[in-house]
Structures are given as structure tokens and as C-alpha cells.
Amino acid sequence: MPHPLVTQLRFTRSEWVRGLKSVTPDEAGRRFGTINPISWMIGHLAWQEQLYFLERAQDKTPVPEVKQFGFGKPLTVPSLDEAWAWWRAVTKAADPYLDTLKGSLLTRKWKRETGGETPGTKLHRTTYHYWFHLGESQAVRQ
């Protein structure tokens, strides 16, 4: 049975998918002011999950394309289908690792972690980051 923080992340992912289910390719590519397009947001969250749960946790990079959506990178606007394919590949690759997170594994730093955070804090950070971008994406759709 997954840890409750992992269950919460998975619920958040499902709400992310549900909230963006009816987004069209045209909507996904729009940019309003400084708000990034929805397709970028999908790539950006895939980048975060890959960075934390695959690269830092396991030294794996299954979807190198999502590195272009990292913090501070130039704006890239992929197609909606491409962004979802990358996101699904990353989350599928991350899930087996997430299922291992229990007890002291949540509080032990990764070898590749440069800050003071742990897998537990990264789960919190990722979950809240999804909710931030879900709200932002709904504002874009208005």
C-alpha cells in the first residue's frame, strides 16, 4: 500500500488530468501575458517529476525532452499530444519508485540532492506545484 503522501500525489495527478481533459490543442498553445501556455505547464510538471523521482532519486532520465521545461529555460510550446505523451511516460516511470517510499525512505536525502530536502518534502512540493498550475491553467481557459 502506498504512503499517504504518494496517494495524495496520485489523486492530484488525476485532478490535473480531469481539469485539463477538455483542453483543445489551440487552447493549450495560447499565452496570456506572462502566463505560460497549458502545453508548457504539462511539460513543466513532467520535468519536475522526472527531476525529483527519476534523476535525483535513481539517476535515470527516461524522457530527456522534458528538460526544456525546467525552471529558467526559454519558453517552448510543444503540441498538446506531445506534452501529454511525455507527462504519461514520466509519471509511469516514476510510479514504481514512488511505491517504495515508506518510513525512513521519506526522510533520507538522495545522493544527488543539493539542498536540504528529502523525498517527503519533494512529494509535498510536487503535489502543491500541480495545484498551482491547475489553477493557473483554468485561469488561462477563462
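Preceding this paragraph is the structure being described.
Residues numbered from 1 in each chain as written. Predicted model: local features only at pLDDT ≥ 70, side-chain atom pairs only at ≥ 80, totals over all residues. Heavy atoms only, no water.

Caption draft 1: Fine view of the overall build of the protein chain. For the protein chain, the helix and strand inventory stands at five helices and zero strands. Tracing the protein chain from N to C terminus, the helices and strands come up as α-α-α-α-α. Here the C-alpha radius of gyration of the protein chain, 15 Å, is about what a compact globule of 142 residues would show, namely 14 Å. Considered along the principal axes of its C-alpha atoms, the protein chain spans approximately 45 × 25 × 25 Å. Each of the 142 residues in the protein chain was classed as buried or not, and the buried ones make up 46%. At a minimum sequence separation of 6, the contacts of the protein chain that also span at least 24 residues come to 70%. Split by element, the accessible area of the protein chain, about 7500 Å² in all, is 57% carbon and sulfur. Taking the average location of the 20 positive side-chain charges in the protein chain and that of its 14 negative ones, the two points are 5 Å from each other. (Helix = DSSP H or I, 4+ residues; strand = E, 2+ residues; numbered from the N terminus. Rg over C-alpha atoms; globule rule 2.2 N^0.38 Å. Buried < 20%, exposed > 50% of the residue type's maximum accessible area, 1.4 Å probe, protein only. Contact = heavy atoms within 4.5 Å. Areas by Shrake-Rupley, 256 points an atom, 1.4 Å probe, with all protein chains shown as cover. Lys, Arg positive; Asp, Glu negative; His and termini not counted. Charge placed at Lys NZ, Arg CZ, Asp CG, Glu CD.)

Caption draft 2: Representation of a nonpolar patch on the surface in the model. On the surface, a nonpolar cluster with roughly 340 Å² of combined accessible area is contributed by Phe11, Tyr128 and Trp131. For tyrosine 128, the position within the fold is in helix H5 (residues 119–141). With relative accessibility at 48%, the residue tyrosine 128 sits in the partly exposed group. (Patch = residues over 30% accessible without salt bridge, like charges linked within 9 Å, V, L, I, M, F, W, Y side chains within 5 Å. Salt bridge = Lys/Arg side-chain N within 4 Å of Asp/Glu carboxyl O.)

Remember, this is a structural readout, not a statement about activity or role.
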